[in-house]
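The chain contents come next:
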Protein chains: 2
Amino acid sequence: MHPIVEVSPRDGLQNQPRPVDTRAKLELIDRLIAAGARRIEATSFVNPKRVPQMADADAVMAGVPRDAGVRYAALAANVRGATRAVAAGADELNVVVLATDTFGERNQGAHREQMLETYAQAAAIARADGLAVTLTVGASFGCPFEGEVPVETVRSLVEDALALAPAPDELCLADTIGVGVPAQVLELAAAVRPLLGDSALRFHFHNTRNTGYANAVAALATGPVVLDASAGGIGGCPFAPRATGNIATEDLVYLLDRSGVPTGLDRAALASVAEWMRDELELPVTGQLAAAGDFPAVAV
Amino acid sequence: MHPIVEVSPRDGLQNQPRPVDTRAKLELIDRLIAAGARRIEATSFVNPKRVPQMADADAVMAGVPRDAGVRYAALAANVRGATRAVAAGADELNVVVLATDTFGERNQGAHREQMLETYAQAAAIARADGLAVTLTVGASFGCPFEGEVPVETVRSLVEDALALAPAPDELCLADTIGVGVPAQVLELAAAVRPLLGDSALRFHFHNTRNTGYANAVAALATGPVVLDASAGGIGGCPFAPRATGNIATEDLVYLLDRSGVPTGLDRAALASVAEWMRDELELPVTGQLAAAGDFPAVAV
């Protein structure tokens, strides 16, 4: 069974200009669970002035169903966020550092060493309370400010991060602005896998330039990976100009199902979630399965 | 240099509900040539009652620049179309057969043996005049009427087709309705490559369910291939319900450029063609490079 992290409630919503209320977010999470999602990035404990859509992080975490066999992750960028995530009952903490100093300073007001130090502090808080810890390296495939990000920049950052205490349970390489190509996926995986030890490898792709699904397939070819996806293909980064659209969970599951890779997710149910997002929440759905129809066609 | 066939003037336009006049088609071809295209599927010699957008096939072929080092292909489904293509001065003839009898009967009023016989007659006419011949097997990845198409169905059709006289210079496996996944690309390539002899292998992908670019990458991994792409990602099949969008040339070239695979095409120029299609021809552009911007960003 191939592991997928559903990120629509967090990355999918964080940059939407239209406010989505807490009730709708919880209904989204319920619908995702009904479609088979068992690992959900539910919200982000960040500055509500910078990411207003995530201002209800505590309320979302207070409202999610706790008896559904689902692990809920929350994102944080600093110690304050980690503390809030622990208090809110997150099962996992996802701490983001940026691959480049320029993006780090614009996004988090911190350069590389400061971000790593913040990671270590936040991770220690989470681990002390029993949360699993993911370290996400944002902009691993390219930076909106510095341009190309050399593989060695990512590799050395990962090496330094894995040497910190506590080491993350999982390392996530994120194509925050949707510029990555499959050749980069292969290069980055080859560069970081030897460093990982017991940590899992996860990838986060946006389909901004139509490379996201090819990147996901490339990632799967490198060995065991966890993949992020967002129902409806909604999503973006508020600090990355023109970054839009995570890969859509329903389209990824279509690809994997028909390739014989089980995911535990129900693509028809996910396509219905995408239709609901489009019709009821008026969100910009980029996943195509709902519009194109499934294949082979379901008999009517 | 990786070979790409530009199909926007044919597959890109054939199903557009808004008429595109001959002058605009010739301007499109000029713009594609300026962006580096050297192999262009320019038009289709088919029944204008069934495909009105291609009613000006003779005029298009009469108007293309002949001194640009470009090879022009024309599509035909029967002897009449092949004869017209030869008379119009096409450099290549692309003859389509369908992988399933049901699609063949709906699209061309012919079943498998009839389509193969038609191929042989049309190919003989083209070859006698010195045209290169492509045999396209439509619906190789799935049929809108019969559903899944077994690999063996395609393999045996290709085997029979390659035994005909004349054998095609090139075999194209087409995902006519955009349902294919990378695992199918690998299976189909493995099944047909041993049959090919001197014939080249070509793939035609639609991105209808967001698998098209991943399929293209999978095809490249199987060995030498030719890939079809359509500037702006426009395109569809008038006989395949809801089939929309070839893979966009500019997005494919972005992926290949940044993977170190040269194509001879200028992705910035192609993105400009896509913008022109969108703004001047009011065509539904699905390629994303023009909207998202190139990366690394061009200094302004």
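These numbers were taken from a predicted model, which means no experiment stands behind them. Sequence positions are assigned chain by chain, starting from 1 and proceeding in written order. For naming, the first written chain is A and the first written ligand is 1, with later ones following in the order written. Thresholds applied to this predicted model are a pLDDT of at least 70 for local features of residues and 80 or more for the giving and counting of side-chain atom pairs; totals over whole chains, interfaces and linings are not thresholded and use all residues. Processing note: side-chain calculations cover all non-hydrogen atoms of the structure and skip hydrogens and water entirely.

Elements are defined by DSSP. Helices are runs of H or I of four residues or more, strands are runs of E of two residues or more, and each kind is numbered from the N terminus. Each helix and strand in chain A was counted, giving 12 helices and 8 strands. The globule rule is 2.2 Å times the number of residues to the power 0.38, and the radius of gyration it is compared with is taken over C-alpha atoms. In terms of overall dimensions, chain A is globule-like: its C-alpha atoms have a radius of gyration of 18 Å, near the 19 Å expected for 300 residues. Taken along its principal axes, the extent of the C-alpha atoms in chain A is 60 × 40 × 35 Å. To measure how exposed things are, a 1.4 Å probe is used in the Shrake-Rupley method; for residues, cover is taken only from the protein chains shown. Split by element, the accessible area of chain A, about 10600 Å² in all, is 53% carbon and sulfur. Charge assignment: positive for Lys and Arg, negative for Asp and Glu; neither His nor the chain ends contribute. By convention, charge coordinates are those of NZ in Lys, CZ in Arg, CG in Asp, or CD in Glu. Each charge class in chain A can be summarised by its mean position, and for the 24 positive and 36 negative side chains these summaries are 3 Å apart.

If you look at the interface, chain B gives 36 residues, while chain A gives 36 residues. The largest per-residue losses of area from chain B upon contact with chain A belong to Arg-209, Asn-210 and Phe-295 of chain B, which jointly make up 24% of the total buried on that side. One speaks of a salt bridge when a side-chain nitrogen belonging to Lys or Arg is within 4 Å of a carboxyl oxygen belonging to Asp or Glu. Put simply, chain B and chain A have 2 salt bridges between them. A salt bridge links Arg-258 of chain B to Glu-148 of chain A; its shortest N-O distance comes to 2.6 Å. Here a polar contact means two N or O atoms within 3.5 Å. Within protein one must be a hydrogen donor candidate and the other an acceptor candidate, and residues neighboring in sequence count only if both atoms are side-chain atoms. Where chain B packs against chain A, one counts 16 residue pairs in polar contact (both at pLDDT 80 or more). Those elements that provide at least two residues to the side of chain B that touches chain A are α8 (182-192), α9 (212-221), α10 (249-258) and α12 (289-292) of chain B. Here the element with the most residues in the side of chain B that touches chain A is α10 of chain B; it accounts for 4 residues. Residues that form the side of chain B that touches chain A fall into these classes: 17 nonpolar, 13 polar and 6 charged. When checking whether two residues touch, look at their non-hydrogen atoms; a contact exists if any pair is within 4.5 Å. Buried area is calculated as the accessible area (1.4 Å probe) missing from two parts once they are joined, with the contributions of both summed. Following the grouping adopted for this structure description, the nonpolar residues are Ala, Val, Leu, Ile, Met, Phe, Trp, Tyr, Cys and Pro, the charged ones are Asp, Glu, Lys and Arg, and the polar ones are all others, Gly among them.

On to α8 of chain B. Classification of residues uses two cut-offs on accessible area relative to the type maximum, computed with a 1.4 Å probe and protein chains only: under 20% is buried, over 50% is exposed, and between them is partly exposed. Of all the residues in α8 of chain B, the buried ones are Pro-182, Gln-184, Val-185, Leu-188, Ala-189, Ala-191 and Val-192 of chain B. Lining the buried residues of α8 of chain B we find α9 (212-221) and α10 (249-258) of chain A together with α7 (151-162), β6 (170-174), β7 (200-204) and α9 of chain B.

The subject of this paragraph is the relation of the copies chain B and chain A. When chain B is fitted onto chain A, the two copies agree to an RMSD of 0.0 Å after a turn of 180° and an axial shift of 0.0 Å. Both chain copies can therefore be described as sitting about a two-fold axis. Of the C-alpha atoms belonging to chain B, the one lying closest to the rotation axis is found on Ala-214 of chain B, 1.9 Å away. Residue by residue, 100% of the interface of chain B is reproduced at the interface of chain A, so both copies engage with the same surface. The copies were overlaid with a least-squares fit restricted to C-alpha atoms from residues scoring a pLDDT of at least 70 in each copy.

Residue and element names in this part refer to chain A. Of all the 7 residues making up strand β5 (residues 132-138), 7 are buried; the element is thus mostly covered by neighbouring parts of the structure. Judged by which residues are buried, β5 turns out to be covered on both faces: Ala-132, Thr-134, Thr-136 and Gly-138 on one side and Val-133, Leu-135 and Val-137 on the other are all buried. Every crossover in which the path from the first strand over the helix to the second runs clockwise, viewed with the strands pointing away from the viewer, is termed right-handed. Chirality of the crossover, the property in question, places the unit of β5, helix α7 (residues 151-162) and strand β6 (residues 170-174) among those that are right-handed.

Each residue carries a pLDDT score, the predictor's own confidence in it, on a scale running from 0 to 100. Summary statistics for chain A give a mean pLDDT of 94 and a share of 96% for residues scoring 70 or more. We note a pTM of 0.96 for the whole complex and an ipTM of 0.95 for its interfaces.

Residues and elements named next belong to chain A. Under the defined criterion, the tally for this structure stands at 44 salt bridges over all chains. A salt bridge links Arg-267 to Asp-257; the nearest nitrogen and oxygen atoms lie 3.1 Å apart. Of this pair, Arg-267 sits in helix α11 (residues 267-279) while Asp-257 sits in helix α10, and the two are 10 residues apart along the sequence. Arg-267 sits in the buried class, given a relative accessible area of 15%. What you see here is one network of salt bridges that share partners, running through Arg-10, Asp-11, Arg-39, Glu-41, Arg-71, Glu-92, Glu-170, Arg-202 and Asp-228.

For the bond from Ala-165 of chain A to Pro-166 of chain A, the omega torsion is -5°, close enough to zero to count as cis. Take Pro-166 of chain A: it is sitting in the loop between α7 and β6. Although it is not a glycine, Asn-210 of chain B adopts a positive phi angle of roughly 65°. Positionally, Asn-210 of chain B belongs in the loop between β7 and α9.

Attention now goes to the packing of α10 of chain A against α11 of chain A. All names here are of chain A. Only the stretch in contact is used when fitting a helix axis, every axis being a line fitted to C-alpha atoms; angles between N-to-C directions are given from 0 to 180 degrees. At their nearest, the axes of α10 and α11 sit 9 Å apart, and the two run at 165° to each other. Here α11 runs roughly antiparallel to α10, going by the angle between their axes. The handedness of the crossing between α10 and α11 is left-handed. Between α10 and α11, the residues in contact are Thr-249, Glu-250, Val-253, Tyr-254, Asp-257 and Arg-258 and Arg-267, Leu-270, Ala-271 and Ala-274, respectively. Here the angle decides the label: under 35 degrees means roughly parallel, over 145 means roughly antiparallel, 65 to 115 means roughly perpendicular, and every other value means oblique. In a left-handed crossing the near helix is turned counterclockwise from the far helix by less than a right angle, and in a right-handed crossing that turn is clockwise.

It is worth spelling out the nonpolar core at this point. Nonpolar core, defined: a set of buried Ala, Val, Leu, Ile, Met, Phe, Trp, Tyr and Cys residues in which side-chain atoms within 4.5 Å join the residues together. Ranked by size, the top nonpolar core spans 202 residues in total, and within it Leu-173 and Phe-203 of chain A together with Leu-173 and Phe-203 of chain B carry the most contacts. Apart from the residues within four sequence positions on either side, Leu-173 of chain A is in contact with Val-137, Ser-140, Phe-141, Val-154, Val-158, Leu-188, Val-192, Leu-201, Arg-202, Phe-203 and His-204 of chain A.

Looking at the secondary structure, you find Arg-209 of chain A in the loop between β7 (200-204) and α9. With no salt bridge to any partner, buried Arg-209 of chain A finds its closest opposite charge in Asp-294 of chain B, at an N-O distance of 5.7 Å. Setting aside chain neighbours within four positions, we find Arg-209 of chain A in contact with Ile-177, Gly-178 and Val-179 of chain A together with Asp-251, Tyr-254, Gln-288, Leu-289, Ala-292, Gly-293, Asp-294 and Phe-295 of chain B.

Residues and elements named next belong to chain B. On the secondary structure map, Gly-138 appears in strand β5 (residues 132-138). For the pair formed by Gly-138 and Val-95, sequence separation is 43 residues and the distance between their alpha carbons is 10.0 Å. What Gly-138 contacts, discounting residues up to four positions off in sequence, is Val-96, Val-97, Leu-98, Ala-99, Ala-174 and Thr-176.

Right, let's talk about α9 of chain A for a bit. All names here are of chain A. Among the 10 residues in α9, 7 count as buried, and that is most of the element. Those residues of α9 that sit buried are Gly-212, Tyr-213, Ala-214, Asn-215, Ala-216, Ala-218 and Ala-219. Gly-223 occupies a position one or two residues after α9 and carries a positive phi of about 130°.

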